Amino acid sequence: MKSYHFNHKHILDFSRFSSQDISFILDTAESFKEISRRPIKKVPALRGNTIINLFFEPSTRTRLSFEIAAKRMSADTFNISASTSSATKGESLIDTVRNINAMKPDVIIVRHSHSGAPHMIARHTEGSVINAGDGIHEHPSQGLLDLLTVRDHKKSLDNLKIAIIGDILHSRVAHSDIIGFTTMGSKVYIYGPATFLPRSLSSMGAIICSSMEEALTDADVVMTLRIQKERQNDPLLPSFREYSKLYGINQRRIQLAKPDAIIMHPGPINRGIELAPDVADDPRRSVILDQVTNGVAVRMALLYLVIGAS
Amino acid sequence: MSNNFIIKNGRVIDPLNSMDQIHNLIVVNGRIASNATSDQELKIIDAKGTLVMPGLIDMHVHLREPGQEYKEDILSGSKAAAAGGFTGVACMPNTDPVNDCAAVTRFILERASQGFCRVYPVGAISKKSRGESLAEFGEMKEAGIVAVSDDGLPVIDSQLMRRALEYAGGLNLRVISHSEEPTLGKGGSMNEGSVSMNMGLKGIPTATESIMVYRDIALAEYTGIPIHIAHVSTAMSAELIRWAKKRGVPVTAETTPHYLSLTEQEVIGYNTNAKMNPPLRTEEDRQAIRQAVADGTIEVIATDHAPHSILEKDVEFDLASNGIIGLETSVPLTLELVRDRLIDYDRFVHLLSVNPAKILGVTGGSLSPGMPADLTIIDPDIRYTYDVSGIISKSRNSPFIGRELQGRAVLTMVDGRITHNLLN
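A. Here's a closer look at the domain arrangement of chain A. Residues and elements named next belong to chain A. Considered domain by domain, chain A is made up of domain 1 (14-138 + 292-309) and domain 2 (140-287). Residue assignment for the side of domain 1 that touches domain 2 shows that the elements contributing at least two residues are α1 (19-32), β4 (128-134) and α11 (288-309). Tallied by class, residues from the side of domain 1 that touches domain 2 come to eleven nonpolar, eight polar and four charged.

See below:
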């Protein structure tokens, strides 16, 4: 067998990963899970490394997850959010990054409202860059934690039916998931209001469905996406009321999926709009909080691996 | 010093005089001459192995002066034009202030008098190009504009566009339309399709252009006044223009070298030097545009030379300004059509000289004796790398940097004055 080396200095998008890369990241994350179950949740693996959370968009979960991951690996972490950085003083992104780079960080974790911003930052920094969500492009660490969560429950990522319901067009999580699950040998079925399902999504490998039945029937995994209230200046939907009625996941619709199908959501949930509360909280199906727990392990793995690859 | 030359042994291509042959061209006192008297001393230009043609005219450039001289000014832009083989350029009015009144037009022409090529100002259609009320075409025409356009800002109000056509028609000024319906592609930064989807960039559908091209054709047919469609980028626009011409609608159209040679694939990697408006389209569109140039549907190649500095380009893709420089790469990129046997040299000269001169109603397009000696000598075989260090324009925003190119202007002459010379 050929020896494998993880050689990604940056984590920018899923399309750069082979199935071997993904399996390796998930295996690494798996091995780090137990650290978070110890009474003293800390290992010295990244001691002396400087990790910067550079967030130009609000985030609670992702940012906290990265920070906890870094601290459990003994790295030094620093948070910069757009409101406290020079962004408000009119400094260009490249100047901000050059200044941060001059302080010699090992990893910069970036969230930005413009697609491709992490790619640009990666060209102007010596350390590693991890994309924590860029515009409507990708959210690779979320995609990986989704893959890990499904693998935990389904034992493998091969030959599953993954249904993703909702605003696929604007969901960077869905984009990473579509590419990730497809790379691993599963099929991703997508459905939602047609305004959210441009034809071009099939180029990512997704199967565009024409009914909820087609998407959900015999699905192993059902993922719903947050409908973003802040996107209402583009006439994509008549109302949330109608969305909930036609496209919301409730107990009746979930019966179409396999009996052991799991329910996922990248959060935060609009309860009662895209997901009925009793489905979100269904202990037999919902793995939404497992996703959050796995997020820490996946991010520990990513930090460990990119620093190792540099 | 006299401006008397004999250009020897070049292949002279002068379609309006039905000439395509090895010929010695004589220039006396800044004009084309049929012969010289014995007392006139002629400087010899050895043009063996080259093409000698009427001076090239780029009817769509942005020279950025007044207002954004850090990107380009009339002197640097005209020098880049001369280096690219152009003897004349028409500059769009989206300067700061906008060229919407005679005072700005006169300023541009005064600056241009020091320049390296003829500069033909295009006036704004609407005051400040706001799309609300007509600018003073008449006074601007007296000051020297050759056409009107709100380039960069499509005229949304159809009644205003109709009035612009009618009023301009009465003054014998051509209206140049930037034909895009602005609400459909709102917020978009590249062609809409699988590439934009995969990059997470908001797209500009091809329908954005077709809708407005159709409106402009309908207005030209209704009023009977000619309209010129700028920078055609889509297959459907080309098809609409072909159909309109068949109906006898007075419409002319241009495309740019980049729509003939690049596609949306160029944007991959968030390359802001491939960001422009209209955006680079698909391979299917590119082939359709090449075909439309070959069959005469599109009769002009213009560059839409749009200089920007790194301040506008070295930023997040969504925030980057639209446009690329083009004056210095137009000749080699258009020659690719000749090498691909889509057009011959006769059509090459029509696309880059005869037709723009005719549409704008300016001097040029022929080498008839008595005409001002505006001419371009092209070496179609020379191979070189398009390198940043060789760029004459003040700006560097070109997706062609690093490309191997074939063919370039080796001498440019305006009024018998050599403005660019690589021959010696």
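B. Structural detail: the sheet that holds strand β7 (residues 207-208) of chain A. Taken together, the five strands give an open sheet; going across it, the order is β7-β6-β5-β8-β9 (chain A), and neighbouring strands pair in parallel fashion. Taken across any chain shown, the strands that pair with only one partner, and hence form the sheet edges, are β7 and β9 (262-264) of chain A.

C. Quick peek at the pairing of strand β1 (residues 5-14) of chain B. Residue and element names in this part refer to chain B. Where burial is concerned, most of β1 is hidden: seven out of the ten residues are buried. When β1 meets strand β4 (residues 43-46), the two strands line up parallel, connected through four bridges. By the bridge assignment, Ile-6 is partnered in β4 with Ile-44. The sheet contact formed by β1 and strand β2 (residues 19-28) spans eight bridges and is antiparallel. In the sheet register, Val-12 faces β2, and the bridge partner there is Gln-21. Hairpin connection from β1 to β2: four residues lie between these consecutive antiparallel strands, with Ser-18 at a positive phi of about 50°. Where β1 meets strand β5 (residues 51-54), two bridges bridge the pair, whose relative direction is parallel. Bridge pairing in β5 links Val-12 to Val-52.

D. Here's a closer look at the sheet that holds strand β15 (residues 300-301) of chain B. Residues and elements named next belong to chain B. Read from one edge of the open sheet, eight strands run β6-β7-β8-β9-β10-β13-β14-β15, paired in parallel fashion. What marks the edges here is a single partner per strand, and that holds for β6 (56-61) and β15. Contacts from helix α1 (residues 74-83) reach β6, β7 (86-91) and β8 (118-123), with the element oriented near 135° to β7.

E. Highlighting α1(B). Residue and element names in this part refer to chain B. Counting buried positions along α1 gives nine out of ten residues, so the element sits mostly inside the fold. Residues of α1 that are buried include every one of Ile-74, Ser-76, Gly-77, Ser-78, Lys-79, Ala-80, Ala-81, Ala-82 and Ala-83, and no others. Where the residues of α1 are buried, they touch β6, β7, α2 (102-112), β8, β17 (404-414) and β18 (417-421). One or two steps after α1, the chain reaches Gly-85, where phi turns positive at roughly 100°.

What counts as what
- Residues numbered from 1 in each chain as written.
- Chains lettered and ligands numbered in written order.
- Predicted model: local features only at pLDDT ≥ 70, side-chain atom pairs only at ≥ 80, totals over all residues.
- Domains from an automatic or database assignment.
- Helix = DSSP H or I, 4+ residues; strand = E, 2+ residues; numbered from the N terminus.
- Nonpolar A, V, L, I, M, F, W, Y, C, P; charged D, E, K, R; others polar.
- Pairing = 2+ DSSP bridges.
- Buried ≥ 20, exposed ≤ 12 C-beta atoms within 10 Å, placed from the backbone.
- Contact = placed C-beta atoms within 7 Å.
- Axes fitted to C-alpha atoms, helices over the stretch in contact; angles between N-to-C directions.

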